[in-house]
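# Working through the structure, step by step
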Amino acid sequence: MRTVADLRKHIALWRKGEVRVGLVPTMGALHQGHMALVEAARAECDRIVASIFVNPKQFAPTEDLGSYPRREAADLEMLRSAGVDLVFIPAVDEMYPPDFATLVRVSGLTEGLCGAHRAGHFDGVTTVVTKLLIQALPDIAYFGEKDYQQLMVVRRLARDLDIPVHITGVPTVREADGLALSSRNVYLSVEERRIAPNLARVLRNVAGALAEDSSAIAREAARGAAALQQAGFAVEYLEVREAGTLAPTSGATGSSRVFAAVWLGKTRLIDNMPIVPAA
Ligand code: AMP
């Protein structure tokens with residue numbers, strides 16, 4: 001379906017029966033991380049809608065909107081074989097007609113971490129996700145923990161706007177060497193790909209150290225950032241935050257996570273890990 005009207009018509013037909021509808025929003029260039037969201041939907045829902053939309057509003061002018069990988073035919077094949085019932089692929093004009101004038105903004109949660117470094121990014125995300133949720137009106141929508149801040153922000157917007165949807169988070173899918181799957185990994189050169197798994201390794205080490213000594217946030221964050229630099233990354237941030245509120249925390253607890261964003265050349269990578277206190 002390429003128009004909101006067709007999407008709505010189709011879902012309304014389903015709604016004549018007692019069906020539970022799941023939505024999996026994506027920007028395409030699909031990989032096994034996206035497929036984990038589809039699998040989670042398949043386990044709970046009778047019908048699955050996936051969307052593919054490279055949302056221009058969440059890219060700053062200096063970012064990679066133009067070069068973002070687009071692979072519609074291959075994506076459709078993956079979604080079909082994974083049991084997705086309907087794929088919504090709107091054109092930019094369908095989502096944002098020329099006189100489009102509305103912005104959905106979540107304050108607080110969007111201000112730190114990636115929000116502090118990507119001006120306007122979360123406003124773009126929250127605007128498009130609100131539209132997708134209202135367009136498809138799913139019972140459950142699925143988001144990856146890979147983009148943990150985004151997951152928390154989407155949960156808040158659904159709650160604040162009384163959108164009757166349950167937001168389910170799905171654990172991060174990783175390569176065998178620990179690198180979190182991302183559509184942007186295709187940008188990495190052979191040398192950068194060799195360095196990339198160090199991001200997960202360092203975050204795991206920081207989380208492990210803080211599980212042992214919850215008071216050592218400042219020391220371990222500095223040590224982690226230095227280790228990332230040593231490995232060849234330019235570090236944007238490495239921070240420990242409370243998992244539910246994303247507020248800075250002075251003592252790592254069972255509900256804290258460590259978050260990082262780094263650059264390898266022109267490619268920006270993010271990852272995060274829970275801090276699980278030793279029993
Ligand atoms: P994207 O197409 O990158 O916007 O991602 C679409 C959805 O897939 C978001 O909810 C992401 O958090 C999720 N996702 C992306 N990569 C992964 C991964 N490696 N593991 C789990 N979920 C992911």
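Below you will find a few notes about this structure. Per chain, residue numbering runs from 1 following the sequence as it is written. With the structure being a predicted model, the display of local features is reserved for residues of pLDDT at least 70 and the display and counting of side-chain atom pairs for 80 or more, all residues being used for whole-chain, interface and lining totals. Note that the side-chain values use all heavy atoms of the structure and ignore hydrogens as well as water.

### Considerations on the packing of aromatic side chains
Pairs of aromatic rings are described using the distance from one ring centre to the other and the angle between the two planes. How we decide: Side-chain rings of Phe, Tyr and Trp (the six-membered ring for Trp) are treated as a pair once their centres are within 6.5 Å; stacked means planes under 30 degrees apart, edge-to-face means over 60, and tilted covers the remaining angles. For every residue, the accessible area (1.4 Å probe, protein chains only) is compared with the maximum for its type, and the residue is labelled buried under 20%, exposed over 50%, or partly exposed between those bounds.
Evaluation of the coordinates by the stated rule reveals four aromatic pairs. Both rings, one in Phe59 and one in Tyr68, keep their centres 5.8 Å apart while their planes meet at 80°; by these two values the pair is edge-to-face. Look at Phe59 and you get buried, because its relative accessible area is 8%. Ring centres 5.0 Å apart and planes at 75° place the aromatic pair Tyr96 and Phe100 in the edge-to-face group. On the accessibility criterion, Phe100 (24% relative accessible area) is partly exposed.

### Quick look at the site of the ligand
Here is the rule we go by: We call a residue near a molecule or strand whenever a single non-hydrogen atom of that residue lies within 4 Å of it. Two N or O atoms count as a polar contact when they lie within 3.5 Å, although within protein this holds only if one can serve as hydrogen donor and the other as acceptor, and sequence-adjacent residues are included solely when both atoms are side-chain atoms. Here the Shrake-Rupley method, with its probe set to 1.4 Å, supplies the accessible areas, and only the displayed protein chains count as covering residues. Counting from the N terminus, the helices are DSSP H or I runs at least four residues long and the strands are E runs at least two residues long. Gly is placed with the polar residues, together with every amino acid not listed as nonpolar (Ala, Val, Leu, Ile, Met, Phe, Trp, Tyr, Cys and Pro) or charged (Asp, Glu, Lys and Arg).
The immediate surroundings of the ligand are formed by 17 residues, with His34, Gly144, Asp147, Val173 and Leu181 found nearest. Within the contact set of the ligand, a nitrogen atom lies 2.9 Å away from a backbone nitrogen or oxygen of Val173. Within the backbone of Leu181, an N or O atom sits 2.9 Å from a nitrogen atom of the ligand. Starting from 480 Å² of accessible surface for the ligand in isolation, the protein chains cover 93%. Listing elements by their share of the shell around the ligand, those giving two or more residues are strand S1 (21–26), helix H2 (32–44) and strand S4 (140–144). Among the elements that take part in the shell around the ligand, H2 stands out by supplying three residues, more than any other. Taken together, the residues of the shell around the ligand break down into eight nonpolar, seven polar and two charged.

### Thoughts on the pairing of S1
Rules: With the strands pointing away from the viewer, any crossover whose connection runs clockwise from the first strand over the helix to the second is right-handed. Strand pairing requires that DSSP identify at least two bridges connecting the strands.
With six of six residues buried, S1 lies mostly within the body of the structure. Burial along S1 is two-sided: the residues Val21, Leu23 and Pro25 and Gly22, Val24 and Thr26 are all buried. Handedness of the S1-H2-strand S2 (residues 47–52) crossover: right-handed. Relative to S4, S1 is paired through two bridges, and the arrangement is parallel. In the sheet register, Gly22 faces S4, and the bridge partner there is Ile140.

### Concerning helix H7 (residues 148–160)
Quick reminder of the rule: Given the number of residues in a helix, its expected span is that number minus one, multiplied by 1.5 Å. Residue contacts are counted whenever heavy atoms from the two residues lie within 4.5 Å of one another.
An ideal rise of 1.5 Å per residue puts 18 Å on 13 residues; H7 measures up with 18 Å between its terminal C-alpha atoms. Of the positions making up H7, those classed as buried are Tyr148, Gln149, Gln150, Leu151, Met152, Val153, Val154, Leu157 and Ala158. Of the surrounding secondary structure, the elements contacted by the buried residues of H7 are helix H5 (114–117), helix H6 (121–136), S4, strand S5 (166–170), strand S7 (256–264) and strand S8 (267–274). Two residues or fewer past H7, Asp162 is found with a positive phi of approximately 55°.

### Overview of the packing of helix H9 (residues 198–212) against helix H10 (residues 217–231)
Counted only if it meets this: Only C-alpha atoms enter the line fits that serve as axes; for helices the fit covers just the stretch in contact. Angles between N-to-C directions range over 0 to 180 degrees. Small angles under 35 degrees read as roughly parallel and large ones over 145 as roughly antiparallel, with 65 to 115 read as roughly perpendicular and the rest as oblique. Take the far helix as the reference: if the near one is turned anticlockwise from it by less than a right angle, the crossing is left-handed, and if turned clockwise, right-handed.
The interhelical angle for the contact between H9 and H10, taken along N-to-C directions, is 160°, at an axis separation of 10 Å. Taken together, the axes of H9 and H10 are roughly antiparallel relative to one another. As H9 runs across H10, the sense of the crossing is right-handed. Taken together, the residues of H10 that come into contact with H9 (itself represented by Asn198, Leu199, Val202, Val206, Ala209 and Leu210) are Ile217, Glu220, Gly224, Ala227, Leu228 and Ala231. Classifying every residue of the contact of H9 with H10 gives nine nonpolar, two polar and one charged.

### A short note on the layout of surface pockets
Put simply, the test is: Grid spacing is 1 Å over the protein atoms alone, the probe is 1.4 Å, and a cavity is where that probe fits but cannot get out, while a pocket is an open set with protein on both sides within 12 Å along at least five of seven lines and lining residues have an atom within 4 Å of a point. Grid points are joined across faces, edges and corners, and a volume is the space filled by probe spheres set on the points.
Put simply, the second largest pocket is a space of about 270 Å³. The wall of the second largest pocket is formed by 19 residues, among which Ile52, Phe53, Val54, Ile89 and Pro90 lie closest to the centre. At the level of elements, helix H3 (72–81) and helix H4 (92–95) are the ones that each hand at least two residues to the lining of the second largest pocket. Classifying every residue of the lining of the second largest pocket by side-chain character gives twelve nonpolar, one polar and six charged.

### Quick word on H6
Three or four residues apart is the spacing at which side chains of an α-helix point the same way, because the helix has 3.6 residues per turn. Taking 1.5 Å of rise per residue, the 16 residues of H6 would be expected to cover 22 Å, and the 23 Å separating its terminal C-alpha atoms lies within 8% of that figure. Across the 16 residues that make up H6, a large majority, 15, are buried. Count one or two residues on from H6 and you reach Leu137, which has phi positive near 40°.

### Some points on empty space enclosed by the protein
Enumeration over the complete set of coordinates arrives at one cavity of 30 Å³ or more. Taken as a whole, the largest cavity encloses approximately 50 Å³ of empty space. Looking at the largest cavity, the residues that line it are Lys146, Leu179, Ala180, Ser182, Asn185, Leu199, Leu269, Ile270 and Asp271. Ranked by the residues each element gives to the lining of the largest cavity, the list is headed by S8, at three residues. When the residues that make up the lining of the largest cavity are grouped by side-chain class, the tally is five nonpolar, two polar and two charged.

### Points about the packing of H6 against H7
Here H6 crosses H7 at 50°, and the two axes come no closer than 10 Å. As far as their axial angle goes, H7 and H6 are oblique. When the axes of H6 and H7 are compared, the crossing they make is right-handed. Touching Phe122, Val125, Thr126, Val129 and Thr130 of H6 are Gln149, Gln150, Val153, Val154 and Leu157, all from H7. A class-by-class count of the residues in the contact of H6 with H7 yields six nonpolar, four polar and no charged.

Read these as spatial facts, not as claims about activity.
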